[in-house]
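Inside the fold
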Amino acid sequence: MAGQQAAAQVPPVAAPLTQPGLVATATLNGADTAWMMTSTALVLLMTLPGIALFYGGMVRRKSVLNVMASVVAVCALVSLLWFAVGYSIAFTPGGGVLGPFLGGTERLWFAGLDYAKDAQQVAVSHIAPNVPESVYAMFQLSFAIITAALVVGAFVERMRFSAMLLFMSLWTVMVYAPIAHWVWAPNGWLAELGALDYAGGSVVHINAGVAGLVCAYALGPRTGYGREPFAPFNLGLTMAGAGLLWVGWFGFNAGSAVAADGRAGLAMAVTHIAAAAGALSWMAAEWLARGRPSLLGLCSGLVAGLVAITPAAGFVSPRSALVFGAVAGAACYWGATGLKRLLKADDALDVFGVHGVGGIVGSLLTGVFASKTISGVGGSVLTQLIGVLAVASYSLLMTGLVLWVTSRFVCLRVSAEEESDGLDITQHAERLG
């Protein structure tokens, strides 16, 4: 009898959420919330100042400020677009036949991201019910920002600043947000198919890499490309940017656990191992091919390792991470050299060669090495290949469409004279001291 009374006093377990909604603040996890807020700051650090320094050091002196201004502007622009529309169409369930492809409108302008102190209620996402939805939305914003910023590296030194702003606005809403829904929303069609992408191998890196390649073709090569050397302004800045990327990537991958738990810890470990293996693998390949290693090669290699492990960080063991980094370092070295020559595109800072190739390698290797013991799901190379082809095809076609639409309103490329003078002075009336 006493046992029956005790059982009757146990509160019923709430049904799992299937869409964003209000819950009691007591159900939140403080440690998870703190870790997600920290991870958001780390991922934002990857863009500002990480990508700004990484890219700024590799271009010529006369366009350094333009690259940095582009990254800052992208950060601000994507932030407001995410607030207005991007988050809602990426991370709400949507409805009807469009549900697997596009989210709904209930979170436009962050509507419903409520916190009611007196009622002790807070909005949470059905994807991350243990942290406030405001935190989850900001975490995903940091991913949208860096993806757009990565694309900038493909068209540096020749795209008009006004055209870049319009292009990035349309691209974020029409390309990035739908792909994020496909892969990361529980009812997204690639998620339901079983495609694995822990932290953005396809959503971020394949997407940005393919978009960058399309931009490089659409804009054409820089004047003198292939005929004269384009000396980097300051590889010290590039190394500083690469270091910030390496550190920030712990938030990128370990933060994608959406919890301060063992899986986050494992994701942090495999991220570091893959980065180290990628740096040494690229270094070895370059040493064999050119007779000496370079700082730029080491920086590019560590990024290649980080890119490759991103889709797998919550699914694989540390020993597998070593394979990811080693394969990606060599593959991305080829992507930035041999493949780049075959494609004949002036992808200025090797967005496709590193992020596109690294994302493809990592996504396919996830199908090979994903451990059911670690994550509860197994990998399939065929399913991963479908995901890679779907994301790459959509990004290719839609980026081309967005560029065409942009070109109807503003000329995409600066004039030959403006390019010769440099985009710092012609686009911003500024120059390095």
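Residues numbered from 1 in each chain as written. Predicted model: local features only at pLDDT ≥ 70, side-chain atom pairs only at ≥ 80, totals over all residues. Heavy atoms only, no water.

1. Considering the overall build of the protein
Each helix and strand counted, the protein has 17 helices and 3 strands in total. Taking 22 Å as the expected radius of gyration for a compact globule of 433 residues, we find that the protein reaches 22 Å, a close match to that expectation. Expressed along its principal axes, the backbone C-alpha trace of the protein runs to roughly 90 × 45 × 40 Å. A total of 433 residues make up the protein; the buried ones form 56% of that total. Partitioning the contacts of the protein with sequence separation of at least 6, the portion at a separation of at least 24 is 78%. Carbon and sulfur atoms provide 67% of the accessible area of the protein, an area that totals close to 17300 Å². (Helix = DSSP H or I, 4+ residues; strand = E, 2+ residues; numbered from the N terminus. Rg over C-alpha atoms; globule rule 2.2 N^0.38 Å. Buried < 20%, exposed > 50% of the residue type's maximum accessible area, 1.4 Å probe, protein only. Contact = heavy atoms within 4.5 Å. Areas by Shrake-Rupley, 256 points an atom, 1.4 Å probe, with all protein chains shown as cover.)

2. Some words on the packing of aromatic side chains
Taken as a whole and assessed by the stated rule, the structure comprises 20 aromatic pairs. Between the aromatic rings of Phe155 and Phe167, the centroid separation amounts to 6.4 Å while the plane-to-plane angle is 85 degrees, which identifies the pairing as edge-to-face. One end of the pair, Phe155, is in the loop between helix H4 (133-152) and helix H5 (161-184); the other, Phe167, is in helix H5, with 12 residues separating them in the sequence. Looking at Phe155, the relative accessible area reads 3%, which means it is buried. We classify Phe167 as buried; its relative accessible area is 0%. (Phe/Tyr/Trp six-rings, centres within 6.5 Å; stacked < 30°, edge-to-face > 60°.)

3. Topic: helix H8 (residues 235-254)
Spanning 20 residues, H8 covers 28 Å between terminal C-alpha atoms, matching the ideal 28 Å at 1.5 Å per step. When the local axis directions of H8 are compared, the greatest deviation, roughly 30 degrees, occurs at Gly248. Buried within H8 are the following residues: Thr238, Gly241, Ala242, Leu245, Gly248, Trp249, Phe250, Gly251, Phe252, Asn253 and Ala254. In the core, the buried residues of H8 are packed alongside helix H2 (30-56), H4, helix H7 (201-219), helix H9 (262-290) and helix H10 (295-309). The residue sitting at the N-terminus of H8 and contributing the capping side-chain oxygen is Asn234; that oxygen lies 2.8 Å from the backbone nitrogen of Gly236. (Expected span 1.5 Å × (residues − 1). Bend = angle between axes of the 7 residues up to and from the residue. Polar contact = N/O pair within 3.5 Å; in protein donor to acceptor, adjacent residues only side chain to side chain.)

4. Here we look at the pattern of salt bridges
Scanning the model with the defined rule gives 9 salt bridges in all. With its nearest N and O atoms 4.0 Å apart, the salt bridge here joins Asp346 to Arg158. With a gap of 188 residues between them, Asp346 in the loop between helix H12 (338-343) and helix H13 (351-369) and Arg158 in the loop between H4 and H5 connect regions that are remote in the sequence. Judged by its relative accessible area of 0%, Arg158 falls in the buried class. Between Glu418 and Arg160 there is a salt bridge, and its shortest N-O distance comes to 3.6 Å. (Salt bridge = Lys/Arg side-chain N within 4 Å of Asp/Glu carboxyl O.)

5. Observations regarding the sheet that holds strand S1 (residues 21-24)
If you walk across this open sheet you meet the 3 strands as S1-S3-S2, and the pairing is antiparallel. Looking at the sheet topology across the chains shown, the edges are occupied by S1 and strand S2 (115-116). Pairing analysis gives 2 bridges linking S2 to strand S3 (residues 121-124), with the strands arranged antiparallel. Looking at the pairing, Ala116 lines up with Gln121 of S3. (Pairing = 2+ DSSP bridges.)

6. Overview of H5
Note on helix geometry: an α-helix contains 3.6 residues per turn, so any two residues three or four positions apart are oriented the same way. Roughly 40 degrees is the biggest bend found in H5, and it falls at Thr172. Most of H5 is tucked away: 18 of the 24 residues are buried.

7. Details of a nonpolar patch on the surface
Together, Leu193, Leu382, Leu385, Ile386 and Leu389 make up a nonpolar patch on the protein surface, roughly 440 Å² of accessible area in all. Counting residues per element, the nonpolar patch draws most heavily on helix H15 (residues 381-409), at 4 residues. Mapped onto the elements of the fold, Leu389 is located in helix H15. (Patch = residues over 30% accessible without salt bridge, like charges linked within 9 Å, V, L, I, M, F, W, Y side chains within 5 Å.)

8. Brief notes about unusual backbone geometry
With omega at 10 degrees, the peptide bond leading from Leu48 into Pro49 counts as cis. The phi torsion at Gln120 lies on the positive side, around 55 degrees, for a residue other than glycine. Along the chain, Gln120 falls in the loop between S2 and S3. Given a relative accessible area of 53%, Gln120 falls into the exposed group. Notably, Lys344 is not glycine yet its phi reads approximately 55 degrees, a positive angle. Here Lys344 shows up in the loop between H12 and H13. Judged by relative accessible area, which is 71%, Lys344 ranks as exposed.

9. Observations concerning the pairing of S3
Sheet topology note: the S1/S3 ladder contains 4 bridges and is antiparallel. In the strand pairing of S3, Gly21 is matched with Val124. Hairpin geometry of S2 and S3 is characterised by an intervening segment of 4 residues between the two adjacent antiparallel strands and by a positive phi of about 55 degrees at Gln120.

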